[in-house]
Amino acid sequence: MKQEEKNRKSREHILSFAFAEFAEQGYMGASINTICSAGKISKGLLYHYYTDKDALYLACVQRCVTELTEYLSAHLDAGSITPDQYFDVRLAYFGANPLHQKLFCDTVVNPPQHLREEIAACRAEFDRLNETMLAAILEKETLAEGITIHDAIRQLRVFEDFVSTCLKNAGQEARQVEEHNKLCRQTFQTMLYGLIART
């Protein structure tokens, strides 16, 4: 086996156990010792590929967001998207990848303060896609007077983060992914149709 392939497999092995640990425990609760023990990984090997806990966490976040973004890009069409389609696709992805949902939600609700800028950089492509899809939904509607699409998107993003925080604080993360997404869908639609002018 070539060294490049060995390196790739070693990184992948470390990342798979780190991903599960960070998803289940969050950044603060995650332990390098637990990752090494679960994966039978020496600390020397782990630190050879990832300089510290921060680097390992960010690698997991990047993978999580990249895979989510790729899935959404492949399954959503800005030309025909509806709020229900948007949430159906997210539900399908997170239902099949519950660890991704946990890690993604944790970066929204409880990100390590010293890594906020790095997490934002990891999310940049996802955020662009999200804004494109939200704009496509809003462009089909008449917004309330004085509210631009940019204003509406900003408010929807703040609202979505607020809902995620409330759900986590209420222990929602322990419920089934389908129930979580049902509540997110309902609150999103409440906010969305509060922005649209009544005729």
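Anything mentioned here points back to the structure above.
Residues numbered from 1 in each chain as written. Predicted model: local features only at pLDDT ≥ 70, side-chain atom pairs only at ≥ 80, totals over all residues. Heavy atoms only, no water.

(A) Spatial organisation of the packing of aromatic side chains. In total, this model carries 8 aromatic pairs according to the counting rule given. Seen from their ring centres, Tyr-86 and Phe-87 are 5.4 Å apart, and the 85° between their planes marks the pair as edge-to-face. Like Phe-87, Tyr-86 is buried. Seen from their ring centres, Phe-104 and Phe-126 are 5.1 Å apart, and the 70° between their planes marks the pair as edge-to-face. Of this pair, Phe-104 sits in helix α6 (residues 98–109) while Phe-126 is found in helix α7 (residues 116–138), placing the two residues 22 residues apart along the sequence. Phe-126 shares its class with Phe-104; the two are buried. (Phe/Tyr/Trp six-rings, centres within 6.5 Å; stacked < 30°, edge-to-face > 60°. Buried < 20%, exposed > 50% of the residue type's maximum accessible area, 1.4 Å probe, protein only. Helix = DSSP H or I, 4+ residues; strand = E, 2+ residues; numbered from the N terminus.)

(B) Geometry of α7. Relative to the 33 Å expected for 23 residues at 1.5 Å per residue, α7 spans just 29 Å between its end C-alpha atoms, considerably shorter than the ideal helical length. Its maximal kink placed at Arg-123, α7 deviates by approximately 50°. (Expected span 1.5 Å × (residues − 1). Bend = angle between axes of the 7 residues up to and from the residue.)

(C) Seen up close, the side chain of Thr-69. Relative to the elements of secondary structure, Thr-69 occurs in helix α4 (residues 53–75). By relative accessible area, Thr-69 is classed as buried at 3%. Ignoring sequence-local partners within four residues, the contact set of Thr-69 consists of Glu-125, Phe-126 and Leu-129. (Contact = heavy atoms within 4.5 Å.)

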